[in-house]
Amino acid sequence: MQNNESTQRLDAIVAHASQVVLGKQHEIRLALTCLLARGHLLIEDLPGVGKTTLAHVLAQTLGLQYQRIQFTSDLLPADILGVSIFDKSEQGFHFHPGPVFAQLILADEVNRATPKAQSALLEAMEEGQVTIEGKTRPLPDPFFVIATQNPTYQIGTFPLPESQLDRFLMRISLGYPDAEAERALLTGDDRREILKQHRACIQPGQLAELQQAASNVHVADALLDYVQALLDISRRSPQFTHGLSPRAGLALLRSAKAWALMAGRDHAMPEDVQTVMPHVVSHRLQAVAESSQGDKTLLTLLQDVAIP
Amino acid sequence: MNMSGFQQRVKQAKAENLWLLAGLALAFTPHFLRLPLLVMLPSIILLCWRLLFELRYLALPPRTVRWLLTLVGILATWIAFGTLVGRQAGVGLLVIMLCLKLMEMNAQRDVGVVIGLGFFVVITVFLFDQSIFMGLYMLLVVTLLVTALTAFSRDQSVIPQWANLQKAGAILTQALPLALLLFFLFPRIPGPLWSLPADGTSAGTGLSDSMSPGSISQLSDNDSVAFRVQFDTPLPLPKKRYWRGPVLTQFDGRTWSNPYPQRHAIHLSMNSQYQVSGTPSLYTVTLEPHQQRWLFALDLPAMIPPDSHLSDDYEIIANQPVRQLVRYSMRSFTDYRLAKDDIPDILPYLQLPAESGIQARQLAQQLRQKVTDNAAFVQTVLNYIAEQPFYYTRQPPLLLNDPVDAFLFNSRRGFCEHYASAFVFLMRAAGVPARVVTGYQGGEMNPQSDYFIVRQSDAHAWTEVWLRGEGWRRIDPTAVIPAERIENQQDLARILPEMAGAGATPNWLKKIGRQLSFSWDRINHTWNQWVVNYNTQRQQDFLSHMFASAGFDNINWQEMISLLVAGMTLVMAVVAVYLLRPWQRQNQDPAQMAYERFCQRLSRRGMQRQPTEGPLDFARRASQQYPQRAREINNITALYERQRYAPCPTQGNLQRLQRAVRDFIV
């Protein structure tokens, strides 16, 4: 079976990445799901919990070209996109592509840069191409952005507006490792060293196959009913300022399909939707009650909808 | 900064408790205005204490202090009322104990108990006041309590507070059809459900069983409604509108009273005792509670309402004091003549106090000697009042000793009770049997509706004189005072109805005020008719009217219960149909139906699938619960999954699923 093959390959990827990022298998699976669903990933967590390592290891494992952009408050769009410089020998302008021309980009601490710099990246994410000095240049394929951001309560941040948050398929957080993983981390080798020796475990082009397999996952009418019911209740619930957009519904479905593929199925199940739902919608919904925890609110959303 | 700290505290307080405290405070307020300070003050302090606790300013008292407070509460109630039972004391105890319960409201269960008791407090408020305002006000309180209930049953951190209020509103609106059904169809029990003990403090306004100078004039400024009348026949002439109340026969020089308040009932046989002429007035009186036993009717009643009797003096006396609104139909003949020639006992109507009114007696003798018969004497005395400078005033001078002489010969300024009193005195002094009658005179039509309002300010006193060959004749001595000697325009309109309108026309502001007051009275009247006084009789009338076409002309309580049950079933059925939506089930997936059967079988064993639980999660949980059936459970789940979620479901697969479910017996 083709699907079995895909699943085995995905399991291998997850196992491979788990050797570097310890005790975070679920998060690795979610990140991979996001990639399979051709979406971009936002990781929100405190500094030092392994956001960068996760991005790096994914790039390594999947054999993707990797670039890291550290966002700072004085970052300019040209620093991301690239710039044309006059070449004396050729008597003309020569374009020097910026770090955005890579397959997997880690946009580190994206909420520290000004909105201007943020939007340069976010537009690239949306369009899959960038326009510099009037010339449109395509970005490589696959093009996958992992952005990390500090929780907004940390000072010196420019929070991403809702419309830009919407460009990320999923938002996850890593959290602290459990005791066992932490011990292994403390006693083991330097992560940097391990990363250097890390080899890709799939061939170039196989990732595209996997992405194709994910989009081929079957969605039954019953599941569509469920997704629609979830969207509907989010629009009617008094807990949120506004409901989920149709784009959010598409994102939910794409993610559920990719997750189903990871679980070795050729069809999506309500459980798949339930698993990915908090990560897909939490950054797209604004709770009305200020003090509430987003995840807790979402949980009530899931609890309000019976599986049809 | 201080303010934001306070807001923070409010935000962090438990919302259901804040709603509850607000609801309780509002529910208590009508009681607080009525209860003695000794009970009210501790309750308010306890309520505030709880509020400060909710805002984390104060701790709750420890157990020993709570015990002590309980004792103090009981003691305070005892001191304030001298008892712990009865309407007032009971409510006092309920309020103070409920406030004490707030001191130990920790568990969720306690909150439920307090909310329940809050609803009970709402009921107790209606023991005192059943006005439309109170009804609306209590609706607000109930809304707050239901909001507390919804906040109590929902996860607070994620629900904004207005959503709770909205939910409570929705719940109450949904409950409305059932409430209306219960209200109109639940069989009413004749008479009050329980008899409320008279607490002494609940004296009603209105006429009393005695009359002394000033007792009626104190009512003259009281605009509250005494009773309302709906006439089925044309209105009687203004000069016939005498609403007869207590008859007073005994005089002690200052006060008229009734020496035999419990006199035996006379048997009302219309034709033997008086002759009537003309057509009777048919009308329905809605009497406001006045805590006494008189029922008012036009002279002369030709029938008596149920649960009442007629006294020797033609007073209609209810068997129970009128403590709540009563409604009775009456028939009266305004043209009448007593046919009976002699009265059984003439002495009570000639009684006079021994040492008062010396001058008055002399005057009576003088005047009597001038004429030949008693009827002429009556006219002479009336002429005397009309000719001498007697004034009708609302502020009569205070007459200390011997009020009759002082009034007749010195002040000559008085209100109706002075004239009635003096007139009867003069009659009796000359040997003419006479008595004082109190009641109401006049009243006004509500121009916006079809009923007649009689107010406390219409209270009046007049007299009756017994004349041989004629019987008792009504004489109103105040009616002979000429218009120019009546000080107050309002009184003029009342005493001399034919003179009404002669005075200055009221300005437009007053006109609007009167219109509004009539509108308001009409609303009140409707409320009384349909809500407060919706009793056995009215229920009968209403339901018979409603179901007349269905062949019910007299509905008994069994039929009412049947109707009630049928109505409730109908409402519930509508709700059930809406919730279940069977028309949407028709195109239900057979695989889903088979799977639901499977879940049902497991749930009978206590393995309930949550509606939000996916089939895979449920299979995992169920296999853990029943490891020996795990193979079957997983098989069914796999077949269901393939049929419902996988691409290309097949008929064969469906049959396998259905067979597997059929064979799955727990």
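Residues numbered from 1 in each chain as written. Chains lettered and ligands numbered in written order. Predicted model: local features only at pLDDT ≥ 70, side-chain atom pairs only at ≥ 80, totals over all residues. Heavy atoms only, no water.

Colleague: Would you mind going over the overall build of chain A with me for this structure?
Modeller: For chain A, the helix and strand inventory stands at 13 helices and nine strands. The proportion of buried residues among the 308 residues of chain A is 52%. Across chain A, contacts joining residues at least 24 apart in sequence account for 78% of those joining residues at least 6 apart. Approximately 14300 Å² of chain A is accessible, and the part contributed by carbon and sulfur atoms is 49%. (Helix = DSSP H or I, 4+ residues; strand = E, 2+ residues; numbered from the N terminus. Buried < 20%, exposed > 50% of the residue type's maximum accessible area, 1.4 Å probe, protein only. Contact = heavy atoms within 4.5 Å. Areas by Shrake-Rupley, 256 points an atom, 1.4 Å probe, with all protein chains shown as cover.)

Colleague: Quick question: what am I supposed to make of the nonpolar core here?
Modeller: Across soluble globular proteins, nonpolar side chains have a tendency to be buried as a group. Residues Leu41, Leu62 and Ile146 of chain A together with Phe598 of chain B are the most contacted members of the largest nonpolar core, which totals 95 residues. Every residue in contact with Leu41 of chain A, bar those within four places of it in the chain, is listed here: Ala31, Cys34, Phe144, Val145, Ile146, Ala147, Phe168, Met170 and Ile172 of chain A. Core analysis: the second largest hydrophobic core is formed by 72 residues, Trp243, Trp256, Phe407 and Val454 of chain B among them. (Core = buried A, V, L, I, M, F, W, Y, C linked by side-chain atoms within 4.5 Å.)

Colleague: Would you take a moment to explain the environment of Pro649 of chain B for this structure?
Modeller: As for its placement among the helices and strands, Pro649 of chain B is situated in the loop between helix 21 (630-644) and helix 22 (651-663). The spatial distance from the C-alpha of Pro649 of chain B to the C-alpha of Ala591 of chain B is 9.8 Å, given a sequence separation of 58 residues.

Colleague: Any chance you could explain the sheet that holds strand 18 (residues 452-455) of chain B here in plain terms?
Modeller: What holds strands together in a sheet is hydrogen bonding between their backbones, with the strands either parallel or antiparallel. All names here are of chain B. Read across the open sheet, the five strands follow the order 12-7-2-18-17; overall the sheet is antiparallel. Among the strands making up the open sheet, the edge pair consists of strand 12 (326-332) and strand 17 (444-445). Pairing between strand 2 (residues 225-231) and strand 18: four bridges, direction antiparallel. Looking across to strand 18, one finds that Val225 is bridged to Arg455. (Pairing = 2+ DSSP bridges.)

Colleague: What am I meant to see in helix 15 (residues 508-532) of chain B here?
Modeller: One full turn of an α-helix is made of 3.6 residues, so residues set three or four places apart face in the same direction. Along its 25 residues, helix 15 of chain B runs 34 Å from first to last C-alpha, staying within 8% of the 36 Å computed at 1.5 Å per residue. Buried residues of helix 15 of chain B: Phe518, Asp521, Asn524, His525, Asn528 and Gln529 of chain B, and no others. (Expected span 1.5 Å × (residues − 1).)

Colleague: Just to check I follow, could you spell out the sheet that holds strand 16 (residues 434-441) of chain B for this structure?
Modeller: Residue and element names in this part refer to chain B. Read across the open sheet, the five strands follow the order 9-3-16-19-20; overall the sheet is antiparallel. Looking at which strands have only one partner, the edges of the open sheet turn out to be strand 9 (297-298) and strand 20 (471-475). Relative to strand 20, strand 19 (residues 459-467) runs antiparallel, the two being bridged by five bridges. Paired with Leu467 across the bridge in strand 20 is Gly471. Packing against the sheet, helix 11 (residues 374-387) makes contact with strand 19 and strand 20, and its axis sits at approximately 150° to strand 19. (Axes fitted to C-alpha atoms, helices over the stretch in contact; angles between N-to-C directions.)

Colleague: Before we go on, may I ask you to explain the pattern of salt bridges in this structure?
Modeller: Side chains bearing opposite charge may pair, as long as their charged atoms lie close to each other. Under the counting rule described, the total for this entry stands at 26 salt bridges over all chains. Among the salt bridges present, the one from Arg265 of chain A reaches Asp272 of chain A, with a minimum N-O distance of 2.5 Å. Each member of the pair, Arg265 of chain A together with Asp272 of chain A, is buried. We note a salt bridge from Glu104 of chain B to Lys101 of chain B, for which the minimum N-O separation is 3.3 Å. Salt bridges here are not isolated pairs; linked through shared partners, they connect Glu126, Asp166, Arg167, Arg247 and Arg284 of chain A. (Salt bridge = Lys/Arg side-chain N within 4 Å of Asp/Glu carboxyl O.)

Colleague: Just to check I follow, could you spell out the packing of aromatic side chains for this structure?
Modeller: Describing an aromatic ring pair means giving the distance of the ring centres and the angle of the ring planes. Residues and elements named next belong to chain B. A complete count under the given rule lists 33 aromatic pairs over all chains for this structure. For the pair Trp243 and Tyr283, a centre-to-centre distance of 5.7 Å together with 85° between the ring planes defines the contact as edge-to-face. Here Trp243 is found in strand 3 (residues 242-248), whereas its partner Tyr283 is found in strand 7 (residues 281-287), with 40 residues between them in sequence. Judged by its relative accessible area of 1%, Tyr283 falls in the buried class. Ring geometry for Tyr392 versus Tyr419: centroids 6.4 Å apart, planes at 25°, classification stacked. Taken together, the residues Tyr392 in strand 14 (residues 391-392) and Tyr419 in helix 13 (residues 416-429) connect sequence positions 27 residues apart. You can call Tyr392 buried: its relative accessible area is 0%. In this structure Tyr419 comes out as buried when scored by relative accessible area, which is 1%. Chaining the aromatic ring pairs together yields one cluster made of Phe227, Phe231, Trp243, Tyr283, Phe296, Tyr440 and Phe452. Arg188 extends its terminal NZ or CZ atom over the ring of Phe183, reaching a point 4.7 Å from the ring centre. (Phe/Tyr/Trp six-rings, centres within 6.5 Å; stacked < 30°, edge-to-face > 60°. Lys NZ or Arg CZ within 6 Å of the ring centre and 35° of its normal.)

Colleague: Got a minute to help me understand a positive patch on the surface in this structure?
Modeller: All names here are of chain B. A contiguous patch of positive charge on the surface is contributed by Arg597, Arg642, Arg656, Arg659 and Arg662. For Arg642, the location among the structural elements is in helix 21. The class of Arg642 is partly exposed, set by a relative accessible area of 44%. (Patch = residues over 30% accessible without salt bridge, like charges linked within 9 Å, V, L, I, M, F, W, Y side chains within 5 Å. Lys, Arg positive; Asp, Glu negative; His and termini not counted. Charge placed at Lys NZ, Arg CZ, Asp CG, Glu CD.)

Colleague: Explanation requested: the confidence of the model for chain A in the structure shown.
Modeller: With 94% of its residues at a pLDDT of at least 70, chain A reaches an overall mean of 85. Ranking the elements of chain A by mean pLDDT puts helix 13 (residues 294-303) of chain A last with 69 and helix 11 (residues 246-262) of chain A first with 93. (pLDDT = per-residue confidence, 0-100.)

Colleague: Got a minute to help me understand the side chain of Arg629 of chain B in this structure?
Modeller: All names here are of chain B. Within the fold, Arg629 resides in the loop between helix 20 (615-625) and helix 21. The exposure class of Arg629 is buried, given its relative accessible area of 18%. Engagement of the side chain of Arg629 in a polar contact is seen with the side chain of Glu632, the distance being 2.8 Å. (Polar contact = N/O pair within 3.5 Å; in protein donor to acceptor, adjacent residues only side chain to side chain.)

Colleague: Mind showing me how you'd approach the pairing of strand 5 (residues 104-108) of chain A here?
Modeller: The two faces of a sheet get side chains in turn, since along a regular strand they alternate between them. Residues and elements named next belong to chain A. For strand 5, the buried fraction is high: five of the five residues fall into the buried class. In terms of strand pairing, strand 2 (residues 66-70) meets strand 5 through five bridges, oriented parallel. When the bridges of strand 5 are listed, Ile69 appears paired with Ala107. Pairing analysis gives four bridges linking strand 5 to strand 8 (residues 144-149), with the strands arranged parallel. Paired with Leu104 across the strands is Phe144, a residue of strand 8.

Colleague: Would you take a moment to explain the environment of Lys239 of chain B for this structure?
Modeller: Among the structural elements, Lys239 of chain B can be located in the loop between strand 2 and strand 3. With 95 residues separating them along the chain, Lys239 of chain B and Thr334 of chain B place their C-alpha atoms 9.9 Å apart.

Colleague: Could you clarify how one ought to interpret unusual backbone geometry in this entry?
Modeller: Here Asp141 of chain A and Pro142 of chain A are connected by a cis peptide whose omega angle stands at -5°. Among the structural elements, Pro142 of chain A can be located in the loop between strand 7 (135-138) and strand 8. Despite not being glycine, Glu109 of chain A has its phi angle at roughly 50°, a positive value. Topologically, Glu109 of chain A is positioned in the loop between strand 5 and helix 5 (115-127). For Glu109 of chain A, a relative accessible area of 18% gives the class buried. The backbone of Arg412 of chain B sits at a positive phi, close to 55°, despite the residue not being glycine.

Colleague: Teacher, can you tell me more about the side chain of Thr637 of chain B here?
Modeller: Residues and elements named next belong to chain B. Within the secondary structure layout, Thr637 lies in helix 21. Assessed through its relative accessible area of 3%, Thr637 is described here as buried. Among all residues touching Thr637, those that are not within four sequence positions of it are Pro615, Leu616 and Ala619.

Colleague: When you look at the packing of helix 19 (residues 590-604) of chain B against helix 22 of chain B in this model, what are you seeing that I'm missing?
Modeller: When two helices pack together, you describe them by how their axes are tilted relative to each other and by the distance separating the axes. All names here are of chain B. Packing of helix 19 against helix 22 brings their axes to within 9 Å, and their N-to-C directions diverge by 15°. Viewed along their axes, helix 19 and helix 22 adopt a mutual orientation that is roughly parallel. For the crossing formed where helix 19 meets helix 22, the hand is left-handed. Note on element contacts: helix 22 touches helix 19 through Leu654, Leu657, Gln658, Val661 and Arg662, opposite Pro590, Ala591, Ala594, Arg597, Phe598 and Arg601. (Parallel < 35°, antiparallel > 145°, perpendicular 65-115°, else oblique. Left-handed = near helix turned anticlockwise from the far one by under 90°.)

Colleague: Sorry, what's going on with a nonpolar patch on the surface here?
Modeller: On the surface, a nonpolar cluster with roughly 400 Å² of combined accessible area is contributed by Phe6, Val10, Leu52, Tyr57 and Leu58 of chain B. Secondary-structure assignment places Leu52 of chain B in helix 3 (residues 37-54).

Colleague: Got a minute to help me understand the packing of helix 10 (residues 221-236) of chain A against helix 11 of chain A in this structure?
Modeller: Residue and element names in this part refer to chain A. The geometry of helix 10 relative to helix 11 is characterised by a closest axis approach of 11 Å and an angle of 140° between their N-to-C directions. Comparing the axis directions of helix 10 and helix 11 gives the class oblique. Both helix 10 and helix 11 take part in a crossing whose hand is right-handed. Between helix 10, through Leu223, Leu224, Val227, Leu231 and Arg235, and helix 11, the contact on the second element is made entirely by Pro246, Gly249, Leu252 and Leu253. Partitioned by chemical class, the residues of the contact of helix 10 with helix 11 number seven nonpolar, one polar and one charged. (Nonpolar A, V, L, I, M, F, W, Y, C, P; charged D, E, K, R; others polar.)

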